[in-house]
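As a plain string of letters, each chain reads:
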Amino acid sequence: DQQVKQNSPSLSVQEGRISILNCDYTNSMFDYFLWYKKYPAEGPTFLISISSIKDKNEDGRFTVFLNKSAKHLSLHIVPSQPGDSAVYFCAASDMTTDSWGKLQFGAGTQVVVTP
Amino acid sequence: EPEVTQTPSHQVTQMGQEVILRCVPISNHLYFYWYRQILGQKVEFLVSFYNNEISEKSEIFDDQFSVERPDGSNFTLKIRSTKLEDSAMYFCASSADNGFYEQYFGPGTRLTVT
């Protein structure tokens, strides 16, 4: 089941620079998207979400962009900080069905922020 | 800040034994979920629960699995007869009924079946 794909398993970025994480999806019925951050031995921590009626949502250093026609979303982190080093998961759901609570996750991208 | 808690953090059990994983969701949340992550694989949905019944379950959630909300605070996942392939991190999550649908996850229980 590859409905949500994160094709970059890892990303290295310098402190203070922008981190851009990408996510693609195949199910055109997905209309709600979330980004989670995960440290080792912890559960995923919710970062930011976006509904398909928007193409951008911003919260502090985190901005999510949604391109519905391309079935693509991205997470921008500006500026990147050492504490941002973690695995980032993209997740999606179809809010129009009874399965709306079923999040489909990507495989994750390991971000390393270097000094 | 309210958080989802899970116990135990690590459970080791023998194949064929029953295990119960426990979760305390965020207190004003009404929707509850279980996910699992096998080492090296994606986080996978198992089941969602609302109003004291299962809303949705995945193909993984077969007759060996059950969920229960035994009181006003706990939410449990029971595996009746564990298999080696049940070894994974199990995450509980909860969400509110306020127009925002983000799910908040607990720290997970690492289940090791030997």
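All values derive from a computational prediction rather than experimental measurement.

### Concerning the pattern of salt bridges
Close approach of charged atoms allows side chains with opposite charge to pair. Applying the stated criterion to the full structure yields two salt bridges over all chains. Asp84(A) is the partner of Arg61(A) in a salt bridge, and the nearest nitrogen-oxygen pair spans 2.8 Å. Of the two residues, Arg61(A) is situated in the loop between strand 6 (56–59) and strand 7 (62–67) and Asp84(A) in the loop between strand 8 (72–77) and strand 9 (86–93); the sequence distance between them amounts to 23 residues. With its nearest N and O atoms 3.2 Å apart, the salt bridge here joins Glu44(B) to Arg36(B). Judged by its relative accessible area of 9%, Arg36(B) is buried.

### A few points about the environment of Leu34(A)
For Leu34(A), the position within the fold is in strand 4 (residues 32–38). Taking the C-alpha atoms as reference, Leu34(A) lies 10 Å from Tyr88(A); in sequence the two are 54 residues apart. For Leu34(A), the residues in contact, after removing those within four places along its chain, are Phe46(A), Ile48(A), Ser49(A), Phe89(A), Cys90(A), Ala91(A), Leu103(A), Glu102(B) and Gln103(B).

### Quick notes on the side chain of Thr63(A)
All names here are of chain A. By the element assignment, Thr 63 lies in strand 7. For Thr 63, a relative accessible area of 10% puts it in the buried group. Aside from chain neighbours lying at most four places away, what touches Thr 63 is Ile 48, Lys 56, Asn 57, Glu 58, Ser 74, Leu 75 and His 76.

### A closer look at a nonpolar patch on the surface
Residues and elements named next belong to chain A. On the surface, a nonpolar cluster with roughly 230 Å² of combined accessible area is contributed by Ile 18, Ile 20 and Val 78. The residue Ile 18 is located in the loop between strand 2 (10–14) and strand 3 (19–25) in this model. According to the relative accessible area criterion, Ile 18 is partly exposed, its value standing at 42%.

### A closer look at the interface of chain B and chain A
Taken together, the contact pairs 16 residues of chain B with 24 residues of chain A. If you look at where chain B meets chain A, you find zero salt bridges. For the pair chain B and chain A, the interface holds six residue pairs in polar contact (both at pLDDT 80 or more). In terms of residue count, the dominant contributor to the side of chain B that touches chain A is strand 4 (residues 31–37) of chain B (four residues).

### Re the confidence of the model for chain B
Predicted coordinates in areas of low pLDDT are best not read in detail. Predicted confidence across chain B gives a mean pLDDT of 93, with 97% of residues reaching 70 or more. Averaged pLDDT values for the elements of chain B fall to 92 in strand 6 (residues 53–57) of chain B and rise to 98 in strand 11 (residues 109–113) of chain B.

### Some thoughts on the sheet that holds strand 6 of chain A
Residue and element names in this part refer to chain A. Pairing within the open sheet is antiparallel, and its five strands lie in the order 1-3-8-7-6. In this open sheet, the two strands that pair with only one neighbour each are strand 1 (4–5) and strand 6. One ladder, built from six bridges, connects strand 3 with strand 8; its direction is antiparallel. For Ser 19, the partnering residue across the bridge sits in strand 8 and is Ile 77.

### Quick notes on the sheet that holds strand 3 (residues 19–24) of chain B
Residues and elements named next belong to chain B. Strand order in this open sheet of four strands is 1-3-8-7, and the pairing throughout is antiparallel. If you trace the sheet from one side to the other, it starts and ends with strand 1 (5–7) and strand 7 (65–68), each paired once. The sheet shows a mean angle of 20° between the axes of neighbouring strands, taken without regard to direction. The sheet contact formed by strand 1 and strand 3 spans three bridges and is antiparallel. Following the sheet pairing, Gln 6 is matched in strand 3 by Cys 23.

### Digging into the state of the cysteines
Residue and element names in this part refer to chain A. One pass over the full model with this rule turns up two disulfides over all chains. Paired by a disulfide, Cys 23 and Cys 90 hold their sulfur atoms 2.0 Å apart. Its S-S torsion of approximately -70° makes the covalent link between Cys 23 and Cys 90 left-handed. Here Cys 23, found in strand 3, pairs with Cys 90, found in strand 9; they are 67 residues apart in sequence, far enough to count as distant.

### Focus: the packing of aromatic side chains
Residue and element names in this part refer to chain B. Per the stated rule, a full pass over the model turns up 18 aromatic pairs over all chains. Measuring from centroid to centroid gives 5.6 Å for Tyr 35 and Phe 45, while their planes differ by 75°, and the two rings are edge-to-face. Taken together, the residues span a long stretch of sequence, with Tyr 35 in strand 4 and Phe 45 in strand 5 (residues 43–50) at a distance of 10 residues. For Tyr 35, a relative accessible area of 0% translates into the label buried. Judged by its relative accessible area of 5%, Phe 45 falls in the buried class. Arranged with centres 6.4 Å apart and planes meeting at 75°, the rings of Phe 91 and Phe 105 form a pair that is edge-to-face. Here Phe 91, found in strand 9 (residues 88–95), pairs with Phe 105, found in strand 10 (residues 104–105); they are 14 residues apart in sequence, far enough to count as distant.

What counts as what
- Residues numbered from 1 in each chain as written.
- Chains lettered and ligands numbered in written order.
- Predicted model: local features only at pLDDT ≥ 70, side-chain atom pairs only at ≥ 80, totals over all residues.
- Heavy atoms only, no water.
- Salt bridge = Lys/Arg side-chain N within 4 Å of Asp/Glu carboxyl O.
- Helix = DSSP H or I, 4+ residues; strand = E, 2+ residues; numbered from the N terminus.
- Buried < 20%, exposed > 50% of the residue type's maximum accessible area, 1.4 Å probe, protein only.
- Contact = heavy atoms within 4.5 Å.
- Patch = residues over 30% accessible without salt bridge, like charges linked within 9 Å, V, L, I, M, F, W, Y side chains within 5 Å.
- Areas by Shrake-Rupley, 256 points an atom, 1.4 Å probe, with all protein chains shown as cover.
- Polar contact = N/O pair within 3.5 Å; in protein donor to acceptor, adjacent residues only side chain to side chain.
- pLDDT = per-residue confidence, 0-100.
- Pairing = 2+ DSSP bridges.
- Axes fitted to C-alpha atoms, helices over the stretch in contact; angles between N-to-C directions.
- Disulfide = S-S within 2.5 Å.
- Phe/Tyr/Trp six-rings, centres within 6.5 Å; stacked < 30°, edge-to-face > 60°.

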